Every structure is written in structure tokens, then in C-alpha cells.
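The chain contents come next:
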Amino acid sequence: MSKRLQEEIARRRTFGIISHPDAGKTTLTEKLLLFGGAINLAGAVKARKAARHATSDWMKMEQERGISVTTSVMKFNHRDFEINLLDTPGHQDFSEDTYRVLTAVDAALMVIDSAKGVEAQTEKLMEICRMRNTPVITFINKLDREGMDPLDLLADIEEKLQIECAPLAWPIGMGKRFKGVYSLYRKQLNLFTPGAETRNQELITIEDLADARLDELLGDQAIELRGDVELLEGAANPFDLEDFLKASQTPVFFGSAVNNFGVRELLDAFVELAPAPGPRMTETREVRPDEEQFSGFVFKIQANMDPAHRDRIAFLRICSGKFERGMKVRHHRIGKEVALNNAIIFMAQDRAHIEEAYPGDIIGLHNHGTIKVGDTFSSKEPLKFTGIPSFAPEHFRRVRLKNPLKVKQLDKGLTQLAEEGAVQVFRPLLGADWILGAVGVLQFDVTMERLKNEYGVDAVYEGIDFATARWIDCEDAKKLEEFQKKNQANLALDAEGNLAYLASSEWRLGYVQEQWPEIVFHKTREQG
Ligand code: G4P
């Protein structure tokens, strides 16, 4: 086991930001990147967000490859740490993509709007973090505005997200009375000056809150802070690193992203507390990051990032060993050895060929149609990383070709788009239809646009009377056969040949489940 490998692993942090739209994810991302010196990138993040509001703009923007490339994975440095920040699509219609991105991170940063508390999308994303025991750090944003009482915010998080809160900082007032934040663990006061986007605020160390300087600096609000901290000492949970790493506790910070306030403290705490890349499960065994053998899995495929090449980039998260340019690895699903000659890494606004990379890093592989979401690559041992899910679609459309001669192109296009995870494709057991399934309806617009532009297919959608789907299996082959016979009109095969039951309503699904207790209905399915 090489010392260098261990050192490189120890200084890596790979994370994603989760939040409900408008809580301040884009703003915070921008400020974090500014600390890392990736200033150009910060602009790109904002531009992308600006274009996200309308679907058509969003698609145009996606086609302006430069921006989507750089914002999918953002690598920056802070102190001695190498940080990989993975972007998660903000629009809830692309939440499936977000879920998969979250399989590639080691920690998450949750942003909450202090006026709104926990919102719907945050709850959903937290569910994914909980499923995977991903440690979460919380940033309560927009303290420069009037919001909920900080104690109520903590109670809201604890109740709705089922996670214990451990405040590591405490706000002094809010809105017009917002004076700053007191770091409970560093015993430092960070005073807020509205509108000043200073990156190096001076922190005032105040070990003892009885210190008279506090009264000079905060006036009446010093008494409030003392009262709050006394209350917290009795009522709040003390921070426990173990509990945080187990994902049963979240450390909480307060600030104002747009004012770049509290962001530095957040980042400092983040690199100190968040875990370095850890072991990951495969179907056969647990893989430790410091194993000499290189391994990694693909969690996302992004198409058409370079207009000149019409390429598709597969994003691979390295799980163990060192990546070296030109190394040969096995692509286990297709049983082939491939040389990774021009893997790319995403830095600032460029993508560059990389010479080496380590666990936690994300590298981009050129994909010519052979790589799927969920694929594992490793030096030699056949491995298959687990836990990269597909979610049961909630929206369905039938595809009708305008020109029947384009059947082949349609087939190819839909197969590739399904492999990318852009949309799910079902072929009913009866008939020759293509039925598309999506978790969010915007996925349909993007699919149609791409079928036209990339595959020359002119098609339209027709509504179809399905509202939900489940993948099914059964230990008893005879029962399964019987079920198939009776339910043919509702059965289809997905792009990988797995059997799925499509139901016209949740009620109908429940009814069928009751009738067929031997059949197992799965809401999610492992990729690959
Ligand atoms: P998102 O990516 O989570 O959707 O949120 P985003 O950062 O775009 O922030 C949403 C809105 O909240 C933006 O305002 C942003 O400026 C504002 N915001 C972010 N952080 C803070 C904060 O600390 N305090 C206050 N008061 N506002 C904050 P907008 O008007 O929608 O856009 P913009 O024109 O300001 O960019």
C-alpha cells in the first residue's frame, strides 16, 4: 500500500449540494468556487442557472457544451485539500439524475432558506442521503433577511428530515438586526457588514462570552447571544463526529451566501469534518480506496458536450487505486480491456487530459456507445459496484414515428438515451410500441429534442393510460408465468430486458399486489 496513495486519499473531499430551488445553491457554489480561485467558473454557474428557467432555454444551454461540462464536476482546492464538487440538476424533473450523482459523493451540503425551513425537494434528496448513510452538513442561508427563529429551524430539520442537529455556529439576530455569527466550536465571532463581500473577514476570538468586548461589539444583542448559548448548552445536541459520519447527526452553520458571509467557516469546517473517500460495496466484496488496484464506476453520462465531436462523456468516480494516463482497465460488462488514454478532468473552464487521479476524483471517459450508467472498470478483478438506482417512472408517453422508415434510428436513439439514463424505455409484451417513462416530465421534452437533433428522428408523443410502474420478479417460475399470462396488457420489458408492470393508477397497482402476493414489486432497480 503506497504512502502517496494514502496521502492523496486523505486530502480529497467529494461532495454535492442538495437544496430546494431558490434556497441559494447556485450562489453558494459560486462563493465556494471563489475561495478555490476558480473565478471564471463562478460566472458559468450563474449563467447556467439563469438559463434554467425555461425548458427551451435550458436545452439550448445544455447544447452550449462548455458550460454544462464545467459545471457537472467542479474541482477546486482549499488549503491542502482537493475538492470535487458535483453539480446536481436544480430542476426537480431531473431528480433521477441528481439521485445518481449522489451515489458518487462522500458527503452532502444541505442548503436551507432560513425563511422557509425544510422544503419538499430537500426532503426527497435527504431521503437518498439517508438510504446511503451519506453524512450531511447543513448551511442555513439568508440570515440577512427575516426568517424563522433559529431554534424552530433546527426543530423543523429534526422533525421533517429525521436527523439530529448539532449547531456549530449561532446567528446573532437576523434581517436588519443581523450582527453576525458566533462559532461555538472555535469560540470566534464573525461580524457581519451588509453588502461587503470581503473574503477575509476578521474573526474575533472570544473564549468567554462574559468578556466585556462582546457588549462593545454587539450592544444589547450581546445579552441575547449569551442567553441563546446558555440555552443551547442545555438543549442542543453536542456535536459527535461518529454520529455525523453515520449520518444520524448534521452539524449546522448559519450565514448569507449572497453576502459571502459564513461561507469560509463552512468550507473550513467542511474539509475538516467531511470524510475522505471511504470503502465502497461491490456485489462480491467491499473495496477500500487504498487498494493498489484501480477501480471506479460510471454514475452519469452526458451527451454532446463537444459540438465538433458529438461526443458523450461518461463520468467515472474513482473508488480505489491510482489512475494513470494510458493505463489498461477492464470494462467488465462487455468483457473487454480498454486503454484510458484520453480521460479528462474538469478544471476551471477547461477540460484537460489528465496524467493521474486518485480515489474521490471524477474523470471523464469518451463514450462511443459502449458505456452505460452503472458500469464498473477495474485493473483486473471483476467487480460490480452496487447502489446506483433507477427509479420507477411516474409519467409515461407512447412514441409515434412520423416517418416509419426511421424505425432503426428511433431504436438506436432510444437505446442510447436509456443507457445514459436520460429517459426509461419500455417495450410492451403485446404490440410494437415504444413507451417512455420518466420521473419528471421535462425529460420527455429533452428526449424528443435530442431524437430530432442527434438521430434525425421525427416523432410525436401520445398520451397513454399508465401512471406508475414496478419491476417485478418471483421465486416461483410457474407463478410468474401465470402472472404474465393474466396481465399481458400491462407488462413490458425495459431497455435491459427486465420485466416491468405498468399500472393505470396507484390504486390499481395496490389491488394487483394484493391479488398476487408471491410476486415482488420493486420501486427501484439497480443499474447495470
Ligand atoms: P438555487 O440555486 O438554490 O435555486 O438558488 P440561488 O443561488 O439562485 O438563489 C436564489 C435567490 O436567492 C437569488 O435571488 C439569490 O440572489 C438569493 N440569495 C441567495 N443567497 C442569499 C442570501 O444569503 N440572502 C439573500 N437575501 N438572498 C440570497 P434572485 O433574485 O432569484 O436572483 P438574483 O437576481 O439575485 O441572482
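For every chain, the first residue of the written sequence is number 1, and numbering continues from 1 onward in sequence order. Only residues with pLDDT of at least 70 get local features here, since the model is predicted, and only at 80 or more are side-chain atom pairs given and counted; chain-wide, interface and lining totals rely on the full set of residues. Heavy atoms from the whole structure form the basis of all side-chain values; hydrogens and water molecules are not counted.

A. Here's a closer look at the nonpolar core. By size, the foremost hydrophobic cluster in this structure holds 107 residues, and its most contacted members are Leu28 and Phe323. Helix and strand definitions here come from DSSP, where helices need a minimum of 4 consecutive H or I residues and strands a minimum of 2 consecutive E residues; each element is numbered from the N-terminal end. Looking at this core, the element that brings in the most residues is helix α12 (residues 263-273), giving seven residues. Note that the domain bounds reflect an automated or database-derived domain assignment. When we break this core down by domain, the ones giving at least three residues each are domain 1 (17-67 + 109-275) and domain 2 (281-378). If you look at the next biggest cluster of nonpolar residues, it comprises 17 residues, including Leu417, Trp434, Leu436 and Val457. The set of buried Ala, Val, Leu, Ile, Met, Phe, Trp, Tyr and Cys residues whose side-chain atoms join them within 4.5 Å is what this entry labels a nonpolar core. Partly exposed describes any residue whose relative accessible area lies between the buried limit of under 20% and the exposed limit of over 50%, with all areas from a 1.4 Å probe on protein chains only and scaled to the type maximum.

B. Spatial organisation of the state of the cysteines. Whenever a pair of cysteine sulfur atoms sits within 2.5 Å, that pair is classed as a disulfide. All chains considered together, the criterion is met by zero disulfides. Here Cys129 is not cross-linked by a disulfide; its sulfur's nearest cysteine counterpart is in Cys165, at 14 Å. Its relative accessible area of 1% is what places Cys129 among the buried residues.

C. Representation of the pairing of strand β8 (residues 180-183). The alternating pattern of β8 places Gly180 and Tyr182 and Val181 and Ser183 on opposite faces, both of which are buried. Only strands joined by at least two bridges in the DSSP assignment are considered to pair. As judged from the four bridges shared by strand β7 (residues 169-172) and β8, these two strands associate in the antiparallel manner. Within the sheet, the bridge partner assigned to Ala169 lies in β8 and is Ser183. Relative to strand β9 (residues 188-191), β8 runs antiparallel, the two sharing four bridges.

D. Fine view of the pairing of strand β27 (residues 434-438). Burial within β27 is extensive, with five of its five residues counted as buried. Covered by surrounding structure in β27 are Trp434, Leu436 and Ala438 together with Ile435 and Gly437, the residues of both alternating faces. Looking at chain direction, strand β26 (residues 424-428) and β27 are connected through three bridges and run antiparallel. The residue bridging Phe426 from the neighbouring strand is Ile435, located in β27.

E. Highlighting the packing of aromatic side chains. Any two rings among Phe, Tyr and Trp, with Trp reduced to its six-membered ring, count as a pair given centres within 6.5 Å; such a pair is stacked if its planes are under 30 degrees apart, edge-to-face if over 60, and tilted if neither. Scanning the entire structure with this criterion turns up 16 aromatic pairs. Plain terms: the ring middles of Phe396 and Phe466 are 6.1 Å apart, the flat faces sit at 75 degrees to each other, and that makes the pair edge-to-face. Taken together, the residues span a long stretch of sequence, with Phe396 in strand β25 (residues 395-401) and Phe466 in the loop between β28 (459-463) and β29 (468-473) at a distance of 70 residues. Note on accessibility: Phe396 and Phe466 belong to one class, buried. Aromatic pair Phe483 and Tyr501: ring centres 5.9 Å apart, planes at 50 degrees, arrangement tilted. In this pair, Phe483 sits in helix α15 (residues 477-486) while Tyr501 sits in strand β31 (residues 499-503), placing the two residues 18 residues apart along the sequence. Among the aromatic residues, ring-to-ring pairing joins Phe483, Tyr501, Trp516 and Phe521 into one connected group. Two limits define a charge over a ring: the Lys NZ or Arg CZ must be within 6 Å of the ring centre, and within 35 degrees of the ring normal. Of note, Arg427 hangs over the ring of Trp434, and the distance from its end group to the ring centre comes to 4.1 Å.

F. Inspection of unusual backbone geometry at higher detail. Of note, Asp22 is a non-glycine position whose phi angle comes to about 85 degrees, a positive value. If you trace the backbone, Asp22 turns up in the loop between β1 (12-19) and α2 (25-35).

G. Highlighting the side chain of Glu119. Within the fold, Glu119 resides in the loop between β4 (107-113) and α7 (120-131). Ignoring anything within four residues of it in the chain, the contact list for Glu119 reads His20 and Asp113. Pairs of residues are marked as contacts when any of their non-hydrogen atoms sit within 4.5 Å.

H. Layout of the sheet that holds β7. In spatial order, the strands read β7-β8-β9-β10; together these four strands make up an open sheet with antiparallel pairing. Edge strands, defined here as strands with exactly one partner in the open sheet, are β7 and β10 (203-205). Geometrically, the sheet is characterised by an average inter-axis angle of 25 degrees between neighbouring strands, direction not taken into account. Angular values range over 0 to 180 degrees, each being the angle between N-to-C directions of two axes fitted as lines to C-alpha atoms, with helices fitted over their stretch in contact. The strands touched by helix α10 (residues 221-235) within the sheet are β7 and β8, with β7 carrying the most contacts at an inclination of about 150 degrees.

I. Structural context of the confidence of the model for the chain. Scored from 0 to 100, pLDDT records how confident the predictor is in each individual residue. Residues of the chain with pLDDT of at least 70 account for 87%, and the chain-wide mean is 86. Summarising per-element confidence for the chain, the mean pLDDT is lowest in helix α5 (residues 65-72) (43) and highest in strand β5 (residues 136-141) (98). Note that residues 51-58 has pLDDT below 50 and, in this model, 10 contacts with residues that lie over four places away or in other chains. Scored below 50 in pLDDT, residues 64-71 makes 23 contacts in the model with residues more than four places away or belonging to other chains. The complex prediction reports pTM at 0.85, with the ipTM value standing at 0.97.

J. Representation of a negative patch on the surface. On the surface, Glu158, Glu164, Asp240 and Glu242 cluster together into a negatively charged patch. Here Glu164 shows up in strand β6 (residues 164-167). Patch membership requires over 30% relative accessible area and the absence of a salt bridge. Like charges are linked within 9 Å, and nonpolar side chains (Val, Leu, Ile, Met, Phe, Trp, Tyr) within 5 Å. Every accessible area reported is derived by Shrake-Rupley at a probe size of 1.4 Å, with residue values counting cover from the shown protein chains alone. In the sections that follow, a salt bridge refers to a side-chain nitrogen of Lys or Arg positioned within 4 Å of a carboxyl oxygen of Asp or Glu. Positive charges come from Lys and Arg, negative ones from Asp and Glu, while His and the chain ends are left out of the count. The location of each charge is read from NZ of Lys, CZ of Arg, CG of Asp or CD of Glu.

K. How the structure looks around the pattern of salt bridges. Counted according to the given criterion, the structure contains 37 salt bridges. One salt bridge in this structure joins Lys142 and Asp113, with 3.4 Å as the shortest N-O distance. Of the two residues, Lys142 is situated in the loop between β5 and α8 (150-161) and Asp113 in strand β4; the sequence distance between them amounts to 29 residues. Summarising the burial analysis for this pair, Lys142 and Asp113 share the class buried. Overlapping salt bridges bring together Arg4, Glu8, Arg11, Arg12, Lys75, Glu82, Lys322, Glu356 and Asp361 as one network.

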